[in-house]
Amino acid sequence: MARRKLRPRLIAELARRVRALREQRNRPRDSQRYALDYETLTRPYSGRRLPVRAWADARRESSLMQLLSRLPLFGLGRLVTRKSWLWQHDEPCYWRLTRVRPDYTAQNLEHGKAWGVLTFKGRTESEAREVGQVMYHDWRLVPKHEEAAFTAFTPAPPEDAPRCVPYPPLLRAMILAERQKKGDACTEEPMLSLERTRVRPWDYPAKREAEKQAKTTPV
Amino acid sequence: MAAPIVRSWFLVARKVPLPPLFLAGERGLLSAAYVDSHKWEAREKEHCHLADLASLMDKTYERKLPVSSLTISRFVDNISSREEVDHAEYYLYKFRHSPNCWYLRDWTIHTWIRQCLKYGAQDKALYTLVNKVQYGIFPDNFTFNLLMDYFIKKENYKDALTVVFEIMMQEAFEVPSTQLLSFHVLYHCLAKKTDCRWEEERNFGASLLLPGLKQKNSVGLSSQLYGYALLGKVELQRGLRAVYHNMPLLWQPGYLDRALQVMEMVASSPDDRKLCAEALAVLDRTLKTLTAPVPAASEEQPQEGEDSRGSEDLLEQLDVEETEQSKLPQYLERFKDLHSKLEALGRVESESLLTLTTQLIKEQLPTCEAEDIAAYEQKLQQWHLERVHLIQREEEQRERAKQEYEARRAAKASA
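Just so we're clear, the structure is a prediction, and the values are computed from it rather than from any experiment.

1. A short note on the overall build of chain B
Turning to step 1, where the next piece is worked out: The secondary structure content of chain B amounts to 20 helices and two strands.
Turning to step 2, where the next piece is worked out: The buried share of chain B, taken over its 415 residues, is 48%.
Turning to step 3, where the next piece is worked out: The long-range share in chain B, meaning contacts at least 24 apart out of those at least 6 apart in sequence, stands at 77%.
Turning to step 4, where the next piece is worked out: When the accessible area of chain B is evaluated, it comes to approximately 21900 Å², of which 54% is carbon and sulfur surface.

Structural data, given as structure tokens:
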């Protein structure tokens, strides 16, 4: 049975667009979403309480924009670290800020977004990207007179351990037999590589999803 | 009949143009050429009506559109009375809470401070400076020097001290003239004060330390020592977090250790730099107060302090093998050794820090001032060029908007 062509529902389409526009215009700003009640440690917007391990930090430390609102030009070019990195790693881990966009609806300008170049455990990235977890009460500002001492890092010398090692005799025989079966006329000694796969530490800042979506090419 | 009136008018008129710089008893540290505002007055500014600008800004804010930094800079440029200073303060607050808050220009901030000082609103200038988070006032070194000198002239050392603490919070001790002026204010206030609250001690310590690190002479080294001593005292009495929270200081413990390292550095260095006896006496007193057993009468206070820092510092001190408290006897020993060594080498300066600072100011301030004035003139030029560029861009945008509007109207008319 042939289906009748769907009538174009113009008013529904218009309503959908109006709703999308209103949602965009009245979206909750950072200052509303990330406002924190310090007595009960809940976020008033969602009504959720902070995780238990964050309670001590929320009372003691400050969020990134709370530090930057007190600096000229919102701390462009300054170094910021996280207390969790200071406690976890010995090597210097910091963000060097390249761009800051504070949320102007906040009373004390203590919410917003920031972009910068990450140096994690002494290795600097090549490009700036958005700083993650800006609203966490975990951030510390590196004073200008301490910047040189803080960023000084000598990487560990490369190990002199052997890179490749011959296989044990049984495995070597198995590999050679496999080669003969396949008709592979290679006479090279099979070597087992001992290179470590570089595993990133668990607290390496991940890329923010919004930037990933923005970079997809439209079809 | 008219002649005597005209004569009396002349006599009255002659009294008016007295230069306001040489009122009796007021002497600032900076020379008249530095404080002179003729170059700033002679800058090119657009003459706009403040009421027009105010209504424009109100309309733009109502429509939730961003206000350009040019508008606010024009407003601040054209202030001509004390009430308008208050209006400008309101609009600066609004600008700071608008999308363009990052773009508040240097010249606007400089003009704002100058206008406040011109119309006698120095308390307003100080208020906006202290509440820099709400108003976005982050002056540069030249403006800070002007403000400090104004307060020094009025002998208002309390307000000058507040300015120095603000400079410390912004870590703006780059230029030598600022460092010298701040030293003068700090030592003047320290000479008068006897007991301070711990927050004041911490602020004093940091404001002595930061410029002291930049100056490579006896005053600088003694200031570093003094600063480290005060910070070490706060560290041991109130905990490390009290020292570094919301301050441009490092979170590594051991401020007294760093004080002793300064002494070691001076003792072992070959040049003739000396440490002031005053600073050494302060460090001595601090170590003695901290090692002395706490008297029974005031046990409640240290207990409260300990509770508040106990739970917080427990986490940070878990990794530390020896606490600072246990290292105090060692510090006292080291201090005594180094003190005797310095005296033996003749590296202890017996003059007070205030006299040393005044001497240093007399020697170095003229050269610093000359550099600063040259830099300021260059900056005025730069600001002028930037302003011209911005005005041009605004005109182009307005033209483009008008053309688009015309095109749209024509399209609508023809459709």
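The structure having been displayed, the exposition proceeds.
2. Some remarks on the UniProt feature "repeat: PPR" (unreviewed entry) in chain B
Turning to step 1, where the next piece is worked out: Under the UniProt annotation, "repeat: PPR" (unreviewed entry) lies at residues 140-175 of chain B.
Turning to step 2, where the next piece is worked out: Taken end to end, residues 140-175 of chain B has its terminal C-alpha atoms 10 Å apart, with 75% of it in helix and 0% in strand.

3. A word on the interface of chain A and chain B
Turning to step 1, where the next piece is worked out: Tallying the contact residues gives 30 residues for chain A and 29 residues for chain B.
Turning to step 2, where the next piece is worked out: Looking at the side of chain A facing chain B, the largest losses of area belong to R60, R70 and Y104 of chain A, adding up to 27% of the total buried there.
Turning to step 3, where the next piece is worked out: Linking chain A to chain B there are one salt bridge.
Turning to step 4, where the next piece is worked out: The closest approach of N and O atoms between R78 of chain A and E171 of chain B, which form a salt bridge, is 2.6 Å.
Turning to step 5, where the next piece is worked out: There are 11 residue pairs in polar contact (both at pLDDT 80 or more) connecting chain A and chain B.
Turning to step 6, where the next piece is worked out: At the level of elements, α3 (55-60), α5 (83-88), β2 (94-102) and β6 (139-141) of chain A are the ones that each hand at least two residues to the side of chain A that touches chain B.

4. With respect to unusual backbone geometry
Turning to step 1, where the next piece is worked out: In the Ramachandran plot, L109 of chain A falls in the positive-phi region, its phi being about 50° despite a non-glycine side chain.
Turning to step 2, where the next piece is worked out: Look at L109 of chain A and you get buried, because its relative accessible area is 0%.
Turning to step 3, where the next piece is worked out: Phi angles above zero are rare outside glycine, and E171 of chain B is one such case at about 55°.
Turning to step 4, where the next piece is worked out: Mapping E171 of chain B onto the fold places it in the loop between α11 (157-170) and α12 (176-192).

5. Considerations on the nonpolar core
Turning to step 1, where the next piece is worked out: The biggest cluster of nonpolar side chains holds 117 residues, and the ones touching the most others in it are W112, V163, V185, L225, Y226, M263 and L283 of chain B.
Turning to step 2, where the next piece is worked out: Residue contributions to this core peak at 11 residues, all from helix α20 (residues 353-414) of chain B.
Turning to step 3, where the next piece is worked out: Dropping the residues within four chain positions of it, W112 of chain B is found in contact with V76, I79, V85, A88, E89, L92, K124, T128 and I137 of chain B.
Turning to step 4, where the next piece is worked out: In terms of nonpolar packing, the next biggest core, distinct from the first, is built from 22 residues, L71, F74, C93 and L109 of chain A among them.

6. Re the packing of aromatic side chains
Turning to step 1, where the next piece is worked out: One pass over the structure, following the stated rule, counts 17 aromatic pairs over all chains.
Turning to step 2, where the next piece is worked out: For the ring pair Y94 of chain A and F150 of chain A, a centre distance of 6.0 Å and an interplane angle of 55° mean the geometry is tilted. One end of the pair, Y94 of chain A, is in strand β2; the other, F150 of chain A, is in helix α6 (residues 147-151), with 56 residues separating them in the sequence. Like Y94 of chain A, the residue F150 of chain A is buried in the burial classification.
Turning to step 3, where the next piece is worked out: A centroid spacing of 6.0 Å and a plane angle of 15° characterise the contact between F183 of chain B and Y187 of chain B, whose relative ring orientation is stacked.

7. Concerning the environment of I72 of chain B
Turning to step 1, where the next piece is worked out: Tracing the chain through its elements places I72 of chain B in helix α5 (residues 69-77).
Turning to step 2, where the next piece is worked out: Note: C-alpha distance between I72 of chain B and F95 of chain B (23 residues apart in sequence) is 7.7 Å.

8. Some words on the pattern of salt bridges
Residue and element names in this part refer to chain B.
Turning to step 1, where the next piece is worked out: Tallying each qualifying case throughout the model produces 33 salt bridges over all chains.
Turning to step 2, where the next piece is worked out: The partner of K153 in a salt bridge is D149, with the nearest N and O atoms 3.5 Å apart. Remark: D149 and K153 occur in helix α10 (residues 141-153); sequence separation between them is four residues, near one turn of the helix.
Turning to step 3, where the next piece is worked out: On the basis of relative accessible area, K153 is assigned to the buried category, the value being 16%.
Turning to step 4, where the next piece is worked out: For the salt bridge of E264 with R334, the shortest nitrogen-to-oxygen distance reads 3.0 Å.

Quick notes on the rules
Residues numbered from 1 in each chain as written. Chains lettered and ligands numbered in written order. Predicted model: local features only at pLDDT ≥ 70, side-chain atom pairs only at ≥ 80, totals over all residues. Heavy atoms only, no water. Helix = DSSP H or I, 4+ residues; strand = E, 2+ residues; numbered from the N terminus. Buried < 20%, exposed > 50% of the residue type's maximum accessible area, 1.4 Å probe, protein only. Contact = heavy atoms within 4.5 Å. Areas by Shrake-Rupley, 256 points an atom, 1.4 Å probe, with all protein chains shown as cover. UniProt positions renumbered as here; feature names shortened; annotations may be inferred. Buried area = accessible area lost by both parts, 1.4 Å probe. Salt bridge = Lys/Arg side-chain N within 4 Å of Asp/Glu carboxyl O. Polar contact = N/O pair within 3.5 Å; in protein donor to acceptor, adjacent residues only side chain to side chain. Core = buried A, V, L, I, M, F, W, Y, C linked by side-chain atoms within 4.5 Å. Phe/Tyr/Trp six-rings, centres within 6.5 Å; stacked < 30°, edge-to-face > 60°.

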